[in-house]
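Chain residues, written in single-letter form:
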Amino acid sequence: MDEHEISKVVVKRLPRYYRYLGDLLEAKVERISSNELSDMMNVTASQIRQDLNNFGGFGQQGYGYNVKYLYNEIGKILGLDKVYNMVIIGAGNLGQALANYVKFEKRGFWIKGIFDVNPRLRGVSVRGIEIRMIDELPQFIREHQIQIAALTVPKSGAEMMAPILVENGVKAIWNFAHTDLHLPKDVVVENVHLSESLMQLSYNLNHLEKEKEKSREKSKEKNKDNE
């Protein structure tokens, strides 16, 4: 199957497979069955097999999956066998937190620069990366062959910066701003709206509390009937 036809839902599960397989590697597990992986991940074994079959399967009936091989193959599918140069736009708390996350480099994402508009931050170093001013950004992108930019700025700043990034050659934007960016089709955008995620959490909590309340009411009614 052409990867372009593969469901976005399946693609969203791949990083989770990769994470669990990485944990298994650290635990020196060599082989695992879809049933064992299912128990760990709370995903049905048939769903795991269906997901992986989209990319060729990788398993052998009766023997399960070779953990190291599957980990490496999913890494290739996710593009983690390559190296990407990144910049962070916005050196506030979130931007600096991203810059301090050392595992990005282990996955092949190298943060080359951090940019901000606040002159008081000029020259400040975050994990050895100097904060620069926005006016230096276009030349920096071209000179360092930047492919990915993380936007950790307010909505208006993101909408202003996105076209500048694209014009200077950035092909992928990791957008944390509270807005959906609409850019040319050859630019990949991953919108990460933290408030929406929190609202989904709120919905699930509210739903769980309602279900518990229903269960308590049913229990009360049952007790009354038995009296």
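Only a predicted model underlies this, so the values are computations on that prediction, with no experimental measurement involved.

Caption draft 1: Inspection of the nonpolar core at higher detail. Of all hydrophobic cores here, the largest spans 21 residues; its most connected members are Tyr 17, Leu 21, Ile 48, Leu 52, Tyr 65, Leu 70 and Ile 74. Taken together, the elements giving at least two residues each to this core come down to helix H1 (8–26), helix H2 (34–41), helix H3 (45–53) and helix H4 (67–77). Counting residues per element, this core draws most heavily on H1, at seven residues. Leu 165, Val 170, Ala 177 and Leu 181 belong to the second largest nonpolar core, which has 18 residues in total.

Caption draft 2: The environment of Arg 132, seen in detail. Within the fold, Arg 132 resides in strand E6 (residues 129–133). Residues in contact with Arg 132, not counting those within four places in the same chain, are Ile 114, Phe 115, Asp 116 and Phe 140.

Caption draft 3: Region of interest: unusual backbone geometry. With a phi angle near 50°, Arg 127 is a residue other than glycine that sits in the positive phi range. Residue position: Arg 127 is located in the loop between strand E5 (125–126) and E6. With a phi close to 50°, Gln 145 is a non-glycine residue in the positive phi region. Judged by its relative accessible area of 61%, Gln 145 is exposed.

Caption draft 4: Quick look at the pattern of salt bridges. Scanning all chains against the criterion turns up eight salt bridges. Among the ionic pairs, Glu 73 bridges to Lys 76, the shortest N-O distance being 3.3 Å. Highlighted residues: Glu 73 and Lys 76, both in helix H4, separated by three residues, approximately one helical turn. With relative accessibility at 17%, the residue Glu 73 sits in the buried group. Lys 76 sits in the partly exposed class, given a relative accessible area of 46%. Of the charged contacts, one joins Glu 136 and Arg 122 as a salt bridge, the two residues approaching to 3.7 Å between their closest N and O atoms. Residue Glu 136 is located in the loop between E6 and helix H7 (137–143), and its partner Arg 122 is located in the loop between strand E4 (109–116) and E5; the two are separated by 14 residues in the primary sequence. Judged by relative accessible area, Glu 136 falls into the partly exposed class, the value being 29%. Arg 122 sits in the partly exposed class, given a relative accessible area of 48%.

Caption draft 5: Broad picture of the pairing of strand E8 (residues 172–175). The sheet contact formed by strand E7 (residues 148–151) and E8 spans four bridges and is parallel. Bridging across to E8, Ala 149 finds its partner in Ile 173. Handedness of the β-α-β unit built from E7, helix H8 (residues 155–167) and E8 comes out right-handed.

Basis of the calculations
- Residues numbered from 1 in each chain as written.
- Predicted model: local features only at pLDDT ≥ 70, side-chain atom pairs only at ≥ 80, totals over all residues.
- Heavy atoms only, no water.
- Core = buried A, V, L, I, M, F, W, Y, C linked by side-chain atoms within 4.5 Å.
- Buried < 20%, exposed > 50% of the residue type's maximum accessible area, 1.4 Å probe, protein only.
- Helix = DSSP H or I, 4+ residues; strand = E, 2+ residues; numbered from the N terminus.
- Contact = heavy atoms within 4.5 Å.
- Salt bridge = Lys/Arg side-chain N within 4 Å of Asp/Glu carboxyl O.
- Pairing = 2+ DSSP bridges.
- Right-handed = clockwise from strand over helix to strand, strands pointing away.

Spatial relationships are all this shows, so hold off on functional conclusions.
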